[in-house]
There are 2 protein chains.
Amino acid sequence: MVIEMSTELADDEVDRIFRALADATRRDIVLRTLRDEVSISALAQAYDMSFPAVHKHVAVLERAGLVTKRPSGRERIVRGNPDAIRRAQQLLDRFELVWRGRIDRLDALFAAEDATP
Amino acid sequence: MVIEMSTELADDEVDRIFRALADATRRDIVLRTLRDEVSISALAQAYDMSFPAVHKHVAVLERAGLVTKRPSGRERIVRGNPDAIRRAQQLLDRFELVWRGRIDRLDALFAAEDATP
DNA sequence: CATTTCTATAACCATTTGGTTATATGTTAC
DNA sequence: GTAACATATAACCAAATGGTTATAGAAATG
């Protein structure tokens, strides 16, 4: 029997998270919205590009789960989502583990669990 | 006098790192080459795509600093670079710090409200 | 030397990305 | 109700991405 790990991420979900972080404007949006909730138009004023451009960046971040949007009157309030950040951190942690060769010990641990149910 | 932080990363360098990680094949190449050194042709055999396609993926990873290439006879041996991984981790840690800063400020706000009813 | 293997790169193609302007809709303010 | 503001989205464009096939050079092998 296979126990599903809730922290397991699908490839395309990971793709979206890292892809979303691969742009300086979007990283800055995440930082700002982790500090404070901000409307899209307030964000747009911070960058040297049009409102639709910023709107698209927010959409990319939202699809990646890095921010959420909440309607408030005529505004959409954008808020950074620390959970998605942590999931990316977990991914990088796994790379670190592999490099240290710890995967082998984890595999052995899981194998032992499977063998002794 | 300003002391330059060696850990400071330029925007486009960060762009390249996250962009390189935003592809499942490339992430797998990084994992394989963190475990063992592998030639490009050996890598190519592991994926359902042409050698030039894998060669390009390796080039993207190399430009991002996530792998290094070492010539050995007619082969190019690819090796994962844990330093680049750590730099990406530092970036995500910074996001986490910003988030915690917000929490701290909210805590301070509530504490102040409690103190001055 | 001839052949095979590995690497590199060019040329091409479809799709995605990151921006623009224009336009429509919803919400607030006067 | 009208004007101003915030959002959404469409249409367009240039550049980048991710793949392909074809070709050429460099190193190992027979």
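To keep things clear, this report deals only with the structure shown in the data block. Everything numeric here is computed off the predicted structure, so don't read it as measured data.

## Examining the overall build of chain A
For step 1, the next point in the chain: In terms of regular secondary structure, chain A is built from 6 helices and 3 strands.
For step 2, the next point in the chain: The linear arrangement of helices and strands in chain A, starting from the amino end, is α-α-β-α-α-β-β-α-α.
For step 3, the next point in the chain: Per-residue burial over chain A gives 39% buried out of 117 residues.
For step 4, the next point in the chain: Looking at chain A alone, contacts between residues at least 24 apart form 52% of all its contacts between residues at least 6 apart.
For step 5, the next point in the chain: Accessible area for chain A stands at about 7100 Å²; split by element, carbon and sulfur atoms hold 50% of it.

## Side note on the sheet that holds strand 1 (residues 38-39) of chain B
Residue and element names in this part refer to chain B.
For step 1, the next point in the chain: One open sheet accounts for 3 strands, arranged 1-3-2; its pairing is antiparallel. Among the strands making up the open sheet, the edge pair consists of strand 1 and strand 2 (67-72).
For step 2, the next point in the chain: In this sheet, strand 3 (residues 75-80) lies alongside strand 2 in antiparallel orientation, the contact comprising 6 bridges. Bridging across to strand 3, Val67 finds its partner in Gly80.

## Observations concerning the protein's contact with DNA strand C
For step 1, the next point in the chain: Taken together, 20 residues are adjacent to DNA strand C, and Ser50, Lys56 and His57 of chain A together with Ser41 and Arg76 of chain B come closest.
For step 2, the next point in the chain: Backbone atoms, meaning sugar plus phosphate, form 68% of the atoms of DNA strand C positioned within 4 Å of the protein.
For step 3, the next point in the chain: Ser41 of chain B places a main-chain nitrogen or oxygen 2.6 Å from a phosphate oxygen of DNA strand C.
For step 4, the next point in the chain: The set of elements that each furnish at least two residues to the surface near DNA strand C consists of helix 4 (51-63) of chain A together with helix 3 (40-45), helix 4 (51-63) and strand 3 of chain B.
For step 5, the next point in the chain: Take the surface near DNA strand C: its biggest share by element is 4 residues, from helix 4 of chain A.

## Describing the protein's contact with DNA strand D
For step 1, the next point in the chain: Every one of the 20 residues lining DNA strand D counts as a neighbour, but Ser41 and His55 of chain A together with Ser50, Lys56 and His57 of chain B are closest to it.
For step 2, the next point in the chain: Near the protein, within 4 Å, the atoms of DNA strand D are sugar or phosphate in 67% of cases.
For step 3, the next point in the chain: Take Lys56 of chain B: an N or O atom from its side chain is 2.4 Å from a base oxygen of DNA strand D.
For step 4, the next point in the chain: Elements that contribute at least two residues to the surface near DNA strand D include exactly helix 3 (40-45), helix 4 and strand 3 (75-80) of chain A together with helix 4 of chain B.
For step 5, the next point in the chain: No other element matches the 4 residues that helix 4 of chain B contributes to the surface near DNA strand D.
For step 6, the next point in the chain: For the surface near DNA strand D, the class distribution of residues is 6 nonpolar, 6 polar and 8 charged.

## Quick look at helix 4 of chain B
Residues and elements named next belong to chain B.
For step 1, the next point in the chain: An ideal rise of 1.5 Å per residue puts 18 Å on 13 residues; helix 4 measures up with 18 Å between its terminal C-alpha atoms.
For step 2, the next point in the chain: Those residues of helix 4 lying buried are Val54, His57, Val58, Ala59 and Leu61.
For step 3, the next point in the chain: Where helix 4 is buried, its residues contact helix 1 (11-21), helix 2 (24-35), helix 3, strand 2 and strand 3.
For step 4, the next point in the chain: Following helix 4 by one or two positions, Gly65 adopts a phi angle in the positive range, close to 80°.

What counts as what
- Residues numbered from 1 in each chain as written.
- Chains lettered and ligands numbered in written order.
- Predicted model: local features only at pLDDT ≥ 70, side-chain atom pairs only at ≥ 80, totals over all residues.
- Heavy atoms only, no water.
- Helix = DSSP H or I, 4+ residues; strand = E, 2+ residues; numbered from the N terminus.
- Buried < 20%, exposed > 50% of the residue type's maximum accessible area, 1.4 Å probe, protein only.
- Contact = heavy atoms within 4.5 Å.
- Areas by Shrake-Rupley, 256 points an atom, 1.4 Å probe, with all protein chains shown as cover.
- Pairing = 2+ DSSP bridges.
- Near = heavy atom within 4 Å.
- Polar contact = N/O pair within 3.5 Å; in protein donor to acceptor, adjacent residues only side chain to side chain.
- Nonpolar A, V, L, I, M, F, W, Y, C, P; charged D, E, K, R; others polar.
- Expected span 1.5 Å × (residues − 1).

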